[in-house]
Amino acid sequence: MAKTLKGACLCGRVEYEVEDPEAMGFCHCTRCQRWTGSSLAGVVVDADHFRFTQGADLVKRYESEFAPRHFCSNCGSSLYDDLGGKYFVAAGLMRELDLQPSFHLQVAFKAPWETIGDDAQQFAEAATA
Ligand SMILES: [Zn+2]
Ligand SMILES: [Zn+2]
């Protein structure tokens, strides 16, 4: 059974739907820290399973060195990180999300003040296997 999650940005003008979320976890890389202000809690979803239902014209893309970033140009909310084939969709925008974190990526780069408080698997850099 397909599970659909709805997300909305801070100003509410951008809305989207995600189908069949695969996993939820954190990326602690320095790019995500700069993009979000801390680590990025995200949901992995197939790019084909993400669609805007409102406000797509407000979405801007930042071409970062890895994984281009998409955000609301009106309120600045982080929307998703394009991993190529998969999207890493910011978890905090989906109020009905009921997955628990299952991974921490780029832990070698996490902020010194951040303490990981769950038992999810940790990877020094990208996930393997
Ligand atoms: Zn917005
Ligand atoms: Zn990251």
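Scroll up for the structure.
Residues numbered from 1 in each chain as written. Chains lettered and ligands numbered in written order. Predicted model: local features only at pLDDT ≥ 70, side-chain atom pairs only at ≥ 80, totals over all residues.

Novice: Any chance you could explain the sheet that holds strand β2 (residues 15–19) here in plain terms?
Specialist: By definition, the strands of a sheet pair up through backbone hydrogen bonds, in either a parallel or an antiparallel sense. Spatial ordering of the open sheet is given by β1-β2-β5, a layout of three strands whose pairing is antiparallel. What marks the edges here is a single partner per strand, and that holds for β1 (4–8) and β5 (50–54). With strand direction ignored, the average angle separating the axes of adjacent strands in the sheet is 25 degrees. (Pairing = 2+ DSSP bridges. Helix = DSSP H or I, 4+ residues; strand = E, 2+ residues; numbered from the N terminus. Axes fitted to C-alpha atoms, helices over the stretch in contact; angles between N-to-C directions.)

Novice: Explain the pairing of β2 to me, please; I cannot follow it from the model alone.
Specialist: On a regular strand, one side chain projects to one face of the sheet and the next to the other, so that they alternate. Here β2 shows a buried face lined by Tyr16 and Val18 and an unburied face lined by Glu15, Glu17 and Glu19. Pairing of β1 with β2, which is carried by five bridges, proceeds in the antiparallel orientation. Bridge pairing in β2 places Lys6 opposite Glu17. A loop of six residues connects β1 with β2, the two strands running antiparallel in sequence, and Gly12 in this loop sits at a positive phi of about 85 degrees. Bridge count between β2 and β5: four bridges; the pairing is antiparallel. What sits directly across from Glu15, in β5, is Gln54. (Buried ≥ 20, exposed ≤ 12 C-beta atoms within 10 Å, placed from the backbone.)

Novice: Explain the environment of Ala127 here, please?
Specialist: Mapped onto the fold, Ala127 is located in the segment after β11 (121–122). Accessibility expressed as a C-beta count within 10 Å gives 14 for Ala127, which makes it partly exposed. Distance in space between the C-alpha atoms of Ala127 and Tyr16 is 27 Å, their sequence separation being 111 residues.

Novice: Looking at this structure, how should I read the nonpolar core?
Specialist: Soluble globular proteins tend to bury their nonpolar side chains together. Core analysis: the largest hydrophobic core is formed by 25 residues, its most contacted members being Val18, Cys27, Leu79 and Val89. Those elements giving two or more residues to this core turn out to be β2, β3 (23–27), β4 (40–46), β7 (69–72), β8 (78–82) and β9 (86–90). With four residues, the single largest contributor to this core is β9. (Core = buried A, V, L, I, M, F, W, Y, C linked by C-beta atoms within 7 Å.)

Novice: Would you take a moment to explain the sheet that holds β11 for this structure?
Specialist: The strand order across the open sheet formed by eight strands is β6-β7-β8-β9-β4-β3-β10-β11, and the pairing between neighbours is mixed. Two strands in the sheet have a free side with no partner beyond their single neighbour: β6 (59–62) and β11. Strand direction decides the pairing type here: β7 and β8, joined by three bridges, are antiparallel. The residue bridging Phe71 from the neighbouring strand is Ser78, located in β8.

Novice: For this particular structure, what's the right way to read the pairing of β3?
Specialist: Counting buried positions over the five residues of β3 gives four, a clear majority of the element. Pairing of β3 with β4, which is carried by five bridges, proceeds in the antiparallel orientation. By the bridge assignment for β4, Cys27 is matched with Leu40. Relative to strand β10 (residues 101–105), β3 runs parallel, the two being bridged by four bridges. Within β10, the residue paired with Gly25 across the bridge is Phe103.

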